[in-house]
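Residue-level structural notes
Each chain, letter by letter, is given below.
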Amino acid sequence: MKVVLPGGTGQVGTVLDRALTAAGHEVTVITRHPARARDIGWDGATLGPWAAAIDGCDVVINLAGRSVSCRYTAQNLRAMMDSRVDSTRVVGEAIAAAARPPRVWLQMSTATVYAHRFDAAHDEATGVIGGSETGVPDYWAYSVKIAENWERAQAEAPTPTTRKVALRSAMVMSPDRGGVFDVLSRLVRLGLGGPVAGGAQYVSWIHEEDFVRAVEFLITRDDLEGPVNLASPGPLPHRDFMRALRTAWGVPVGLPATRWMAEVGAFALRSDTELLLKSRRVVPGRLDEAGFAFAYPDWERAATSLVRRMKKVAGRRRPAGFPGHARNSAP
């Protein structure tokens, strides 16, 4: 199978590229910074020679968009909007112009499209789209607007022979450096992995293996199109989420943080508190109905798996003789 990954060099792209390549598929990554023979350059906004990779491929999975791990200034929010909408629009143009268009176009979206909510979970059929909640910062509504415009750009693309799926993804948990699991794990190991602002807000997540398996599932299921939630069936309050992560790391205590402390920490990390404070209680309604079985439906098992893999990778990175590294010895 020929797969094209626009914006495939970020954390999620790395996860998919690694898994699909290992499975024997031919993967081409379209990126602003090509570094390998199978990378192709683009600007994320205009048609160019890169579009030839889409003509004749089987699947396009568009992941392009400015990282959300930044301060939510007006300039950064605008960049998030433009990078997502422009890249989706131009991918649609490339598919529309292809003599042999792909049979399916999976478009990254986000579970952030749903409202900040504690009382009930959001599935695709009954979930409430955000933007009109009370008692939350006004700019949170702009994040929802980004998600809506992102999905609209795909839906309006004139690609009648290509099935389109919008991946409303929760946070993808992988052991890769710089990913959200890596960041949270560092906080836990520093003793800072306690609840934030009381910890009642829900965390939705998905293990990287289930993310890849869900993508493969959606590629094969010709009866599924439109928005699909990619989230584990077990979202849980932040306080419980962090407790399970501390247990997986063997760290008994995590200092709690108030809202203002979270603001200070987010500023220091050049990130934003929406990522910590918005209650994202999202469940995989359509995947469940279609018969998809999660390998990691609960966070305790997922966290244990990811911690084990991080430790294994860290062990391989240590040079011989480094403390904690087993040396070979003659009998």
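Residues numbered from 1 in each chain as written. Predicted model: local features only at pLDDT ≥ 70, side-chain atom pairs only at ≥ 80, totals over all residues. Heavy atoms only, no water.

The tally for this structure, following the rule as stated, stands at 17 salt bridges. Among the ionic pairs, R38 bridges to D17, the shortest N-O distance being 2.9 Å. In this pair, R38 sits in the loop between β2 (26–31) and β3 (39–41) while D17 sits in helix α1 (residues 11–22), placing the two residues 21 residues apart along the sequence. Its salt-bridge partner being D176, residue R18 comes within 2.8 Å of it at the nearest N-O pair. Of the two residues, R18 sits in helix α1 while D176 sits in the loop between β7 (171–173) and α4 (180–189), which places them 158 residues apart along the sequence. Judged by relative accessible area, which is 38%, R18 ranks as partly exposed. Residue D176 is classed as buried on the basis of its relative accessible area, which comes to 16%. Linked through salt bridges whose partners overlap, the residues forming this network are R18, D176, E208, E209 and R309. (Salt bridge = Lys/Arg side-chain N within 4 Å of Asp/Glu carboxyl O. Helix = DSSP H or I, 4+ residues; strand = E, 2+ residues; numbered from the N terminus. Buried < 20%, exposed > 50% of the residue type's maximum accessible area, 1.4 Å probe, protein only.)

The next thing to look at is helix α6 (residues 238–249). Helix length check: α6 (12 residues) gives 17 Å between terminal C-alpha atoms against 16 Å at 1.5 Å per residue, within 8%. Regarding α6, the residues found buried are H238, F241, M242, A244, L245, R246, A248 and W249. Once α6 finishes, G250 follows within two positions and takes phi at roughly 75 degrees, a positive value. (Expected span 1.5 Å × (residues − 1).)

What follows deals with the environment of G226. If you trace the backbone, G226 turns up in strand β10 (residues 226–230). Using a relative accessible area of 23% as the deciding quantity, one classes G226 as partly exposed. Placed 102 residues apart in sequence, G226 and E124 show a C-alpha to C-alpha distance of 9.7 Å. Setting aside residues up to four positions removed in sequence, G226 forms contacts with K164, V165, A166 and R286. (Contact = heavy atoms within 4.5 Å.)

Right, let's get into the side chain of T159. For T159, the location among the structural elements is in the loop between α3 (140–155) and β6 (163–169). Classification of T159 by relative accessible area gives buried; the value is 5%. Not counting chain neighbours up to four residues away, the residues in contact with T159 comprise G92, I95, A96, W105 and K164.

On to the pairing of β2, then. The element β2 is extensively covered by neighbouring structure, given that 5 of its 6 residues are classed as buried. Direction of pairing for strand β1 (residues 2–6) relative to β2: parallel, over a ladder of 5 bridges. Counted as the bridge partner of L5 is V29 from β2. With respect to chirality, the unit in which β1 leads through α1 into the neighbouring parallel β2 is right-handed. Pairing of β2 with β3, which is carried by 3 bridges, proceeds in the parallel orientation. (Pairing = 2+ DSSP bridges. Right-handed = clockwise from strand over helix to strand, strands pointing away.)

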